[in-house]
Amino acid sequence: MLENYVQHYKFYKQIFTEWTISRKTYRTSALYNNYLSGKRVVNVVHSPSLADGDGRFIDSFDLIARFNRSLEKVTPEKQGSRTDILYSCINRSPDSGNMTKETYQSVIEPSGAWLCKAYPNLDWKGYFSFNQDHRAGATYDNYAFETFNHAPQRSSEFAVEWYKIIEANIKSRPNTGILAILDLIQYDVNSLFLKGYTFFKGGYDKSYRNQNEDDVLNYMKQLGNHNQQRQNLFARKILLTESAIQFDEGLRAILDSM
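Residues numbered from 1 in each chain as written. Predicted model: local features only at pLDDT ≥ 70, side-chain atom pairs only at ≥ 80, totals over all residues. Heavy atoms only, no water.

1. As for the pattern of salt bridges
The cut-off we apply is this: By definition, a salt bridge exists where a carboxyl oxygen of Asp or Glu is found within 4 Å of a side-chain nitrogen of Lys or Arg. Under the scheme applied here, a residue whose accessible area is under 20% of the maximum for its type counts as buried, over 50% as exposed, and between as partly exposed, the area being computed with a 1.4 Å probe on protein chains only.
Scanning all chains against the criterion turns up 7 salt bridges. Of the charged contacts, one joins Glu-72 and Arg-69 as a salt bridge, the two residues approaching to 3.0 Å between their closest N and O atoms. On the accessibility criterion, Arg-69 (22% relative accessible area) is partly exposed. Each of Asp-54, Lys-195 and Asp-248 takes part in salt bridges that share partners, so that together they form one network.

2. A look at the pairing of strand E6 (residues 191-195)
In plain terms, the rule: Going along the chain from the N terminus, every DSSP run of H or I of four or more residues is numbered as a helix, and every run of E of two or more is numbered as a strand. Pairs of strands are assigned from DSSP output, requiring at least two bridges between the strands.
The buried fraction of E6 amounts to 5 of the 5 residues, a majority that puts the element mostly inside the structure. Pairing geometry for strand E1 (residues 40-44) and E6, over 5 bridges, is parallel. Within E6, the residue paired with Val-41 across the bridge is Leu-192. Where E6 and strand E7 (residues 245-247) come together, 3 bridges link them in parallel fashion. Across the sheet, residue Leu-194 finds its bridge partner in E7, namely Phe-247.

3. Digging into the environment of Met-99
Counting through the fold element by element, Met-99 comes out in the loop between strand E3 (85-88) and helix H6 (101-111). Note: C-alpha distance between Met-99 and Arg-69 (30 residues apart in sequence) is 8.3 Å.

4. Observations regarding helix H13 (residues 249-257)
How we decide: For this quantity, the arc is that covered by the directions from the helix axis to the C-beta atoms. Two residues form a contact once any of their heavy atoms are found within 4.5 Å. Any N or O atom pair separated by 3.5 Å or less is treated as a polar contact, with the protein-specific requirement of one donor-capable and one acceptor-capable atom, and with residues adjacent in sequence counted only for side-chain atom pairs.
Restricting attention to buried positions, one finds in H13 the residues Leu-251, Ile-254 and Leu-255. All buried residues of H13 project into a common sector of 100 degrees when viewed along the axis, lining one side. Packed against the buried residues of H13 are E6, helix H12 (228-241) and E7. Backbone nitrogen of Gly-250 and a side-chain oxygen of the N-cap are separated by 3.3 Å at the start of H13; the cap is Asp-248.

5. A word on the nonpolar core
Put simply, the test is: In plain words, nonpolar cores are sets of buried Ala, Val, Leu, Ile, Met, Phe, Trp, Tyr and Cys residues tied together by side-chain atoms within 4.5 Å.
Ranked by internal contacts, the top residues of the largest apolar core, which has 46 residues, are Tyr-32, Ile-85 and Phe-199. Residue contacts for Tyr-32: discarding those within four places in its chain leaves Ile-85, Tyr-87, Trp-114, Cys-116, Ser-156, Asp-183, Leu-184 and Tyr-187.

6. Considering the side chain of Glu-157
Examined against the element boundaries, Glu-157 turns out to sit in strand E5 (residues 155-157). Taking the relative accessible area as the measure of exposure, Glu-157 reaches 18% and is therefore buried. At 3.2 Å, the side chain of Glu-157 forms a polar contact with the side chain of Lys-117.

7. Description of the packing of helix H10 (residues 176-184) against H12
Our working definition: To get an axis, a line is fitted to the C-alpha atoms, and for a helix only the part in contact is used. The angle between two axes follows their N-to-C directions and goes from 0 to 180 degrees. Orientation is classified from the angle alone, with under 35 degrees giving roughly parallel, over 145 giving roughly antiparallel, 65 to 115 giving roughly perpendicular, and any other angle giving oblique. Two helices that cross are described as forming a left-handed crossing if the nearer one is turned anticlockwise from the farther one by less than a right angle, and a right-handed crossing if clockwise. Three categories are distinguished: nonpolar for Ala, Val, Leu, Ile, Met, Phe, Trp, Tyr, Cys and Pro, charged for Asp, Glu, Lys and Arg, and polar for the others, with Gly belonging to the last.
Their axes nearest at 11 Å, the elements H10 and H12 cross at an angle of 25 degrees. Taken together, the axis directions place H10 and H12 in an arrangement best described as roughly parallel. Considering the relative orientation of H10 and H12, their crossing is left-handed. Two secondary-structure elements touch here, H10 through Ile-178, Ile-181 and Leu-182 and H12 through Gln-231, Phe-234, Ala-235, Ile-238 and Leu-239. Tallied by class, residues from the contact of H10 with H12 come to 7 nonpolar, 1 polar and no charged.

What follows is the structure, encoded as C-alpha cells:
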C-alpha cells in the first residue's frame, strides 16, 4: 500500500480529496430499468474465490449478471445455474468477448439473457483506447454485432456521458467487469452483490480463459488499453460509498489493501 501511494501520490491525492462522484443518473433503457427495478442482483466473476456451494447462494438472487465469456462455461455448484444479464465488450476476439455471430446464436440467444454492451457507440475521440485502436472504442464491434444479429431487443448500452466521465478520470479504458458494476448502480436495483471479484489479486480462473493472472495483466499492460491501478481505485471509492453495493469480507480485504 505504501509503495503504491508513493508511486502514485498525485493520483491518490486526487482520489481522496478532489474526486466527487456525480449523483446524476445515467441510463439508456427504460425497459432495462423496468427489468431491474426492485431486484436483488448478484454480479458474478468466475474466479478461484468461488467454491462448491456458492452456486446455491448465487441462485438465491432475483437476477444473476456475468460478463464476456463467462456464460460459455458455467459450473452451477460454484457459479450458479442461470445467466439473466450478460455484460459484453462485444469484441469478436476469443481473448476478449468472443462475441461472434455463432457465439450469440448458440450461447447467448438460447439463454434468454439481457445483453448489455459495456462500451457505448461513440464518435468522440478520447484517451488511450480510442486513439489507439482507431475505431472510436467499441463502436465498430457494436455496429457489426447489431448488423449480424438484427439489433436484439433485449439489449442495453452503457451511457455515453457516464462512460466519458469514467475514462476521463482513469485516463484509460475500463474493464468490462468494472463497467458492469458502474452501469447496474445507475438503475433502480434493490441491491447489487459482488461475488468473485478479486481485482486480479486473488488468482485467475482458467475455466474462463486458459491463462494465469500474471499473463492476463501483462497482456493488458502490453496493449496499453487498461490501467488497472487507476481503474481499481476509482471503483474502490464507489464500492465503499454506494449504499446499494454489497460484498463479502474477501473483497473487503482486497479493497483495504489498495
